[in-house]
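Reading the structure
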Amino acid sequence: MSLFDYFFPRKPASASVAKERLQIVLAHERSGRDGTDFLPRLQKELLAVVTKYVAVEEDMIRVSLGKAGNASVLEINVEVPHTAKPTPAHAAPA
Amino acid sequence: MGKVIVVTSGKGGVGKTTTSAAFAAGLALRGHKTVVIDFDVGLRNLDLVMGCERRVVFDFINVINGDATLNQALIRDKRIDNLHIFPTSQTRDKDALKREGVDWVMRELRNEFEYIVCDSPAGIEHGALTALYHADAAIIVTNPEISSVRDSDRIIGILAAKSRRAEKRESPVEEHLLLTRYSPERVKKGEMLSVEDVKEILSLPLLGIIPESPTVLKASNTGMPVILDPASPAGRAYEDAVARFIGEQREMRFVLPERRSLLRGWFGRAAS
Amino acid sequence: MTVTTASKVQGGIFTLMVVRIADPYDPALDRELAEHVALSPGFFADAPVVLDLRDCLGCTSAEDFTALRQLLRRHRLVPVGVQNASALQLRAAKAVDLAAFSGAQANGARRAAPEVAPRPRLVTQPVRSGTQIYVRGGDLVVVAPVSAGAELIADGHIHVYGALRGRAIAGAAGDRDARIFAHRFEAELVSIAGRYLVSEAIAPEHLGAAAQVALIEDRLAILPGWSKG
């Protein structure tokens, strides 16, 4: 190590590395915190309930969270096929 | 109606109990009737830091279970008028903090005291959530160190989502950043996150900077809140923080390294 | 196809408190229950109890049991069954959904027999902070240190052949003759039959040496060494 390196270190100080790393990780973590992280789970559970009564595929249920003015709007779209049949498990007993 | 202050951090070992003890003592010294509660069920330590461990008979869990009255469990501080300590149980676990019981205790304390300081356990589980639930104000204790800052960020998110105020859609919990174990010398060398860094990352108003100081260990060794030690820089910093909390203007101290002549520095080192 | 069952029957062994009833309408019963429960409310809160009817000539109608149940509920005790009941008492008890527990002695031996004291509980490992040991109905013997923040509770005596730095609560069910013995006495709190002393109230000369704690004339006394007191 030269004397020059000693007086003018080229490596950034560890504190500024720490700050950068923190900013990146927190930006990522905060994005998952606005409440939308439950959507996939909601979609799955809705699917489980709907398929009890009507035979639908996974991609026929869409859940999204949007904004309308000041309010958040939870939108749930369920596509029911014309030929929808009750799921056999819940058909009326013979 | 009393004001509930939670002292929280997410991370352990950052100085929550020291801060709770100092803050409660500081508020009481200013004439406010104050109680400090240990929410760290199973890992009781506030009694030691407050120096009343030899006077604990009943605790928080006894009161919740109806085995003792609130007045039987509250310990009056011998040094400071207006200051009471509410110890917790060492033999139970945090699940013993039953929601209804804690609600009742907090209601009673609000009627009785001006300030209720809640010393939260570390973590983000039941104990920590119970401690922050009733808060009107939160003191986020943070060390200038990446894991502590990240955990503080997490707990701030939880405060905004899971407190009673959030649940009831009241005005949000008042948040204050308290930077502890701060070493201006190390910040200057670029080894430690600076006040400005932490403030910027967490975007919280700064309540105070508590410098790293051997007097904090000395205070907890002797069971005396550090704010009672006039020779302690940490004690003076806590006093400033309490003053700011109740609305006084105080200039930030301990941001920069203490100016010492080279000679004094050398002598100091030789003597230590 | 999965078969699910709505219930699962499993065996379980429980320790239940037994309350001996002589006359369900005796006002003294109310008072005695209150005194007993007040000694350690935590242990009795909503505790299931069995009614021992060996000394009881009444309690032959469902109304008697309903009244008795109300009385016990006022003291936060939950009657779950009867013991040593006559055929008539048993029929009345069953009418109000109290179970029949087999008697302490074989049928016929309905009058009191000398009680056999349970074996003391022996603990050989250090009792760490945060641990609670409770010996219901008997003595506790610890041959290891007991840390500050640990809690020993026994209905009988407590012996610690090591340092006692935690809490010791003897005679937890109200036995005023219970004592606490410690090879090295540094307790945080000692209690006998509901009376207690915190360490701050204990004279420093008692600390660090062998001592015993006894209830003498309604006051806790700390006696150095193993004197008879």
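Per chain, residue numbering runs from 1 following the sequence as it is written. The order in which chains are written sets their letters, starting at A; the order in which ligands are written sets their numbers, starting at 1. pLDDT decides what is reported in this predicted model: residues at 70 or higher carry local features, side-chain atom pairs at 80 or more are listed and counted, and totals for whole chains, interfaces and linings draw on all residues regardless. Working from all heavy atoms in the structure, the side-chain values ignore hydrogens and water.

On to the sheet that holds strand β10 (residues 167–170) of chain C. All names here are of chain C. Reading across the sheet, the 5 strands line up as β6-β8-β10-β12-β13 and stay open at both edges, with mixed pairing between neighbours. A single partner strand is all that each edge strand has here, and the edge strands are β6 (132–135) and β13 (195–198). Between one strand and the next, the sheet's axes are offset by a mean angle of 5°, whatever the strand orientation. Two strands form a pair only when DSSP identifies at least two bridges running between them. Helix and strand assignments follow DSSP, with helices taken as H or I runs no shorter than four residues and strands as E runs no shorter than two, numbered in order from the N terminus. As paired strands, β6 and strand β8 (residues 151–154) are joined by 4 bridges and run parallel to one another. Its bridge partner being in β8, Val135 is matched across the sheet by Ala154. To get an axis, a line is fitted to the C-alpha atoms, and for a helix only the part in contact is used. The angle between two axes follows their N-to-C directions and goes from 0 to 180 degrees.

All names here are of chain B. Grid points spaced at 1 Å over the protein atoms alone were grouped into cavities, where a 1.4 Å probe fits but cannot get out, and pockets, open sets with protein on both sides within 12 Å along at least five of seven lines, with lining residues defined by an atom within 4 Å of a point. Grid points are joined across faces, edges and corners, and a volume is the space filled by probe spheres set on the points. Inspection of the entire model under this criterion finds 1 cavity of 30 Å³ or more. Considered as a void within the structure, the largest cavity measures approximately 40 Å³ in volume. What lines the largest cavity is simply Thr18, Val49, Val216, Ala219, Ser220, Met224, Pro225 and Val226. Counting residues per element, the lining of the largest cavity draws most heavily on helix α11 (residues 214–222), at 3 residues. Only Asp, Glu, Lys and Arg are considered charged in this grouping, and only Ala, Val, Leu, Ile, Met, Phe, Trp, Tyr, Cys and Pro are considered nonpolar; every other residue, Gly among them, is considered polar. Broken down by class, the residue content of the lining of the largest cavity amounts to 6 nonpolar, 2 polar and no charged.

This next bit is on the layout of surface pockets. Quantified by volume, the second largest pocket comes out at close to 910 Å³. Lining the second largest pocket are 37 residues; nearest its centre among them are B:Phe58, B:Asn62, B:Asp67, C:Phe43 and C:Ile169. Every element with two or more residues in the lining of the second largest pocket is listed here: α3 (60–64) of chain B together with α1 (27–39), α2 (41–44), β8, β10, β12 (189–192) and β13 of chain C. Partitioned by chemical class, the residues of the lining of the second largest pocket number 16 nonpolar, 12 polar and 9 charged. Looking at which domains feed residues into the lining of the second largest pocket, each of domain 1 (17–102) and domain 2 (121–224) of chain C gives three or more. Where each domain starts and ends follows an automatic or database-derived domain assignment.

What follows concerns the interface of chain A and chain B. How big an interface is tends to be stated in terms of accessible area lost as the parts join. Pairs of residues are marked as contacts when any of their non-hydrogen atoms sit within 4.5 Å. With 13 residues of chain A in contact, the opposing surface of chain B contributes 15 residues. For the pair chain A and chain B, the summed buried area comes to about 1200 Å², and 56% of that belongs to carbon and sulfur atoms. The salt bridge criterion pairs a side-chain nitrogen of Lys or Arg with a carboxyl oxygen of Asp or Glu, the two atoms within 4 Å. Across the contact surface, chain A and chain B share 2 salt bridges. Taking the shortest distance from any N to any O, the salt bridge between A:Lys19 and B:Asp197 comes out at 3.2 Å. Side-chain atoms alone can form a polar contact between residues adjacent in sequence; in general such a contact is a pair of N or O atoms within 3.5 Å, and within protein one must be able to donate a hydrogen while the other accepts it. Scanning the region where chain A abuts chain B turns up 5 residue pairs in polar contact (both at pLDDT 80 or more). Note on terms: buried area is the combined drop in 1.4 Å-probe accessible area of two parts once they are placed together, counting the loss on both.

The next subject is the interface of chain C and chain B. Across the contact, 17 residues belong to chain C and 11 residues belong to chain B. Buried surface at the junction of chain C and chain B, both sides included, amounts to about 1200 Å², of which 43% is carbon and sulfur. Along the contact surface separating chain C from chain B lie 2 salt bridges. The salt bridge partner of C:Glu200 is B:Lys78, with a shortest N-O separation of 2.9 Å. At the junction of chain C and chain B, the tally comes to 7 residue pairs in polar contact (both at pLDDT 80 or more). Class assignment for the residues of the side of chain C that touches chain B results in 5 nonpolar, 7 polar and 5 charged.

Our next topic: the sheet that holds strand β14 (residues 211–216) of chain C. All names here are of chain C. If you trace the 6 strands from one edge of the open sheet to the other, you get β5-β7-β9-β11-β14-β15, paired in mixed fashion. In the strand order of this sheet, the two ends are held by β5 (121–123) and β15 (219–224), each with one partner. Geometrically, the sheet is characterised by an average inter-axis angle of 20° between neighbouring strands, direction not taken into account. As judged from the 3 bridges shared by strand β11 (residues 180–185) and β14, these two strands associate in the antiparallel manner. Residue pairing across strands places Phe181 opposite Gln212, the latter belonging to β14.

Counting through the fold element by element, C:Arg54 comes out in the loop between β2 (47–52) and α3 (62–74). A distance of 2.9 Å separates the side chain of C:Arg54 from the side chain of C:Asp52, its partner in a polar contact.

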